[in-house]
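In case you want the letters, here they are:
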Amino acid sequence: MWVQTTALGPGRNKLFIRGIADSSFNGATESTASLYLDDVQIAFAGPDPGLKLYDIAEVEIAEGPQGALHGSGAIGGIIRLTSHPVSLTRDGGRIEWGGALTGGGSPSTDMAAVANKVLLPDRLGIRLVGYHAVDGGYIDNLRSHARNINRVLTSGLRGTLRWDVGGGWRAELGGGTQSIVSRDAQYVMSEDVLASRSAIPQPSWSDMQFGRLLLSKEWASGLQFVSATGLVGGSSFEQFDASTLLPHGSYQLNSSKTLFSHESRLSRRLAGGGSWVIGVNLVSDQSVMGRSLTLRQGVRPVIGVTNVTRSGAIFAEATHPLTDRLWLTLGGRVTGARVDGEPSITPRSKNFVRGRSTTRVDPTFGFSWLLGGDWTLFGRYQSGFRTGGLAVAAGIGRVANFESDSIQMVEAGLRHVRRGATGLSASISVSHAQWNAIQADLLNRAGQPVTSNIGNARIDALEGWIEWVPQRDWHLTGALFVTDNEVTGKAAALSRASNRRLPETPSISARMGLVHDVPLGRDTVVSARGELAFVGPSVLGVGDMLDVRQGGYGVANLGLIARRGRYALALTLDNLLDDRGNRFAYGNPFLLGRRNVSTPLRPRTVGIRLSADL
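All figures in this text were calculated on a predicted structure; none of them were measured in a lab.

S.K.: What is the right way to read the overall build of the chain from this model?
M.R.: The helix and strand tally for the chain stands at two helices and 36 strands. For the chain, the C-alpha radius of gyration of 25 Å lies close to 25 Å, the compact-globule estimate for 614 residues. Buried positions account for 50% of the 614 residues belonging to the chain. Pairs at least 24 apart in sequence give 64% of the contacts found in the chain among residues at least 6 apart.

See below:
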């Protein structure tokens with residue numbers, strides 16, 4: 001599974017799956033990858049909220065457009081975080097502490113605690129997790145002489161109350177909050193020197209609060225009903241040094257978001273491998289973006305936008321075995337959506353239209369054919385879309401509408417499944433996607449954000465992974481992702497042919513890992529691991545102005561984990577070779593024209609982690 005990310009900072013990064021990347025910059029568009037926590041969508045538009053993965057049991061990634069089951073905003077795929085369940089049979093918990101030392105930087109530390117309490121045996125229980133983390137900085141400001149300026153503090157609390165009502169019914173009430181505070185930006189002006197020269201600090205913060213209600217029932221026949229309702233709110237602030245534009249100037253971005261979602265579905269697994277699901281979905285999202293410039297004379301507001309998206313959908317999917325070797329999957333989703341937008345201050349642009357309604361049908365088709373020898377041939381067609389909206393347009397004091405975009409993808413591949421404790425698992429696939437009317441958040445030459453439909457793109461990809469277990473205590477893994485894309489349209493036509501590429505999409509990426517388990521007695525195991533990863537070159541965006549190189553580096557990590565009963569001790573050595581690779585060639589909109597901004601990898605870091613199950 002291939003997930004790319006920008007590197008503006010925790011709570012400010014965008015996620016992309018399998019090369020479906022629209023823009024390196026944050027703005028008014030929906031995400032290309034939908035993020036879920038325990039059956040509830042927790043992000044719609046804007047960056048990834050950066051939720052820390054404490055007490056998360058599983059991270060699932062579904063690649064390719066998922067419009068048939070997950071609606072708008074899942075054109076690249078979905079990421080689902082599944083928490084450890086509440087136990088109704090025993091009290092327990094977990095505590096952990098970690099510390100790390102970074103070469104030339106300040107120390108990092110984090111701590112977390114998990115508590116599970118049975119309130120009524122087999123009926124009612126609660127699970128809580130709290131955490132606080134300090135990511136030490138490693139960049140200095142040569143102008144202000146401040147050291148390790150890019151420190152980040154993250155604190156959070158989550159909880160779930162579970163009630164098994166009886167008769168197969170279950171209810172869960174959950175929620176949480178998280179805040180991220182960054183002292184300063186994490187970009188530098190040269191890969192060789194971990195230093196900044198900004199005239200003012202460039203702090204940022206973001207917070208989110210969320211709640212969810214889950215009702216479910218299982219029947220002995222295998223029929224299952226799930227109703228999931230979620231409410232998410234959040235706000236953020238970013239400040240940038242604008243002294244290159246205006247003496248002593250600073251530029252601020254403020255945003256707030258409110259997301260309500262509800263989904264009810266019936267599903268059933270059938271004898272012989274078949275299954276079906278049918279459901280309804282409702283979403284209401286409000287996203288507000290405000291901008292201002294701070295000068296010696298005071299604060300001057302700059303036009304921003306508010307978008308409200310409401311949608312309703314019905315969906316269904318079924319998998320049926322035609323023979324004992326061939327399964328077919330058919331499904332689809334019908335969505336009705338309306339988007340309303342307002343500028344945050346006047347004036348409006350002359351082509352401003354307040355509201356727009358859309359009806360969309362997204363089908364899906366797939367097959368799986370067991371060839372023998374534990375090899376399976378598979379293929380699928382998937383589609384998806386994103387709603388349009390209102391955005392800042394080119395020029396100061398203007399807004400304009402941007403239209404919906406859509407994507408269709410076909411994929412075929414081979415998969416081998418390991419049946420025993422040892423052996424080989426592997427998969428290889430090729431895919432072709434056509435992305436039309438791409439929405440993209442951009443920057444103009446003055447550093448101002450604009451959003452528009454930039455054209456169409458063709459995306460071809462080859463992906464493969466392998467896991468080999470020659471013996472129970474040896475695990476070798478490897479993965480490779482190769483992609484080629486081309487953008488057509490007005491923006492591409494005005495650029496050189498070599499600069500018509502999607503952003504944040506390396507043409508090749510690869511990783512390899514080795515794990516060796518060494519038993520030491522009845523309840524003690526030591527695991528040694530090594531990882532190598534290569535991230536190929538990519539660019540900031542489509543066109544000559546955004547054809548700024550990033551990526552093209554390798555990383556090596558080592559680790560040693562010792563487990564004895566309820567206790568674990570882990571030692572890590574990350575970025576073994578102290579590579580200064582450029583993760584992201586952006587950090588300040590007013591420096592984009594210089595084309596020399598770099599976001600370096602964290603230098604060589606030695607870490608330790610202690611944990612105990614209670």
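S.K.: Got a minute to help me understand the environment of Phe 367 in this structure?
M.R.: By the secondary structure assignment, Phe 367 is in strand β20 (residues 355-372). The exposure class assigned to Phe 367 is partly exposed, which follows from its relative accessible area of 27%. A C-alpha to C-alpha distance of 21 Å links Phe 367 and Gly 71, two positions 296 residues apart in sequence. With sequence-adjacent residues up to four places away left out, Phe 367 is seen in contact with Trp 327, Leu 328, Leu 377, Phe 378 and Gly 379.

S.K.: Where do I start with the pairing of strand β15 (residues 223-241) in this structure?
M.R.: Successive side chains on a regular strand alternate, one facing one side of the sheet and the next facing the other. As paired elements, strand β14 (residues 204-218) and β15 share 15 bridges and run antiparallel to each other. Paired with Ser 206 across the two strands is Ser 236, which belongs to β15. Direction of pairing for β15 relative to strand β16 (residues 250-269): antiparallel, over a ladder of 19 bridges. Residue pairing in the sheet places Gln 239 in a bridge with Gln 252 of β16.

S.K.: Even after reading the chapter, I still don't get the packing of aromatic side chains, so can you show me in this structure?
M.R.: Each pair of aromatic rings is reported with the distance of its centres and the angle of its planes. Applying the stated criterion across every chain yields a total of seven aromatic pairs. Seen from their ring centres, Trp 169 and Phe 225 are 6.2 Å apart, and the 65 degrees between their planes marks the pair as edge-to-face. Placement of the pair is Trp 169 in strand β12 (residues 169-182) and Phe 225 in strand β15, with a sequence separation of 56 residues. Looking at Phe 225, the relative accessible area reads 22%, which means it is partly exposed. Measuring from centroid to centroid gives 6.4 Å for Trp 205 and Phe 237, while their planes differ by 20 degrees, and the two rings are stacked. Taken together, the residues Trp 205 in strand β14 and Phe 237 in strand β15 connect sequence positions 32 residues apart. Classification of Phe 237 by relative accessible area gives buried; the value is 16%.

S.K.: What is the right way to look at the side chain of Asp 362 in this model?
M.R.: With respect to the helices, strands and loops of the structure, Asp 362 is situated in strand β20. A relative accessible area of 0% means that Asp 362 is categorised as buried. Separated by 2.9 Å, the side chains of Asp 362 and Arg 360 make a polar contact. Side chain to side chain, Asp 362 and Ser 383 meet in a polar contact 3.0 Å long. If near-sequence neighbours (up to four positions away) are discounted, Asp 362 is found in contact with Gly 67, Ala 68, Gly 331, Gly 332, Arg 333, Ser 383, Gly 384 and Phe 385.

S.K.: Before we go on, may I ask you to explain a nonpolar patch on the surface in this structure?
M.R.: A contiguous nonpolar surface patch, about 790 Å² in accessible area, is contributed by Leu 119, Leu 120, Leu 161, Trp 163, Val 165, Trp 169, Leu 173, Leu 213 and Leu 215. Elements with a contribution of two residues or more to the nonpolar patch: β8 (108-120), β11 (152-166), β12 and β14. Of all the elements, β11 adds the most residues to the nonpolar patch, at three residues. On the secondary structure map, Val 165 appears in strand β11. When its relative accessible area of 37% is taken as the criterion, Val 165 is described as partly exposed.

S.K.: Can you help me understand the sheet that holds strand β6 (residues 77-83) in this one?
M.R.: Hydrogen bonds along the backbone pair up the strands of a sheet, which may run parallel or antiparallel. Across the sheet, four strands lie side by side as β4-β3-β6-β5; this open sheet has mixed pairing. Edge strands, defined here as strands with exactly one partner in the open sheet, are β4 (40-45) and β5 (56-63). Neighbour-to-neighbour, the strand axes of this sheet turn through a mean angle of 20 degrees, independent of strand direction.

S.K.: Help me out: how do you make sense of the pattern of salt bridges in this one?
M.R.: Once their charged atoms are close, side chains differing in charge can pair, the charge on each being opposite to the other. Taken as a whole and judged by the stated rule, the model has 32 salt bridges. Across the pair Arg 418 and Glu 467 runs a salt bridge, and its minimum N-O distance is 3.5 Å. Separated by 49 residues along the polypeptide, Arg 418 in the loop between β24 (405-416) and β25 (423-436) and Glu 467 in strand β28 (residues 456-471) bring together distant segments of the chain. A single network of salt bridges, built from pairs that share partners, joins Arg 18, Glu 63, Arg 380, Glu 411 and Glu 463.

S.K.: Whenever I open this one, the environment of Gly 373 confuses me. Can you help?
M.R.: With respect to the helices, strands and loops of the structure, Gly 373 is situated in the loop between β20 and β21 (375-386). Sequence separation between Gly 373 and Val 417 is 44 residues, and the spatial gap between their C-alpha atoms is 9.2 Å.

Rules and cut-offs
Residues numbered from 1 in each chain as written. Predicted model: local features only at pLDDT ≥ 70, side-chain atom pairs only at ≥ 80, totals over all residues. Heavy atoms only, no water. Helix = DSSP H or I, 4+ residues; strand = E, 2+ residues; numbered from the N terminus. Rg over C-alpha atoms; globule rule 2.2 N^0.38 Å. Buried < 20%, exposed > 50% of the residue type's maximum accessible area, 1.4 Å probe, protein only. Contact = heavy atoms within 4.5 Å. Pairing = 2+ DSSP bridges. Phe/Tyr/Trp six-rings, centres within 6.5 Å; stacked < 30°, edge-to-face > 60°. Polar contact = N/O pair within 3.5 Å; in protein donor to acceptor, adjacent residues only side chain to side chain. Patch = residues over 30% accessible without salt bridge, like charges linked within 9 Å, V, L, I, M, F, W, Y side chains within 5 Å. Areas by Shrake-Rupley, 256 points an atom, 1.4 Å probe, with all protein chains shown as cover. Salt bridge = Lys/Arg side-chain N within 4 Å of Asp/Glu carboxyl O. Axes fitted to C-alpha atoms, helices over the stretch in contact; angles between N-to-C directions.

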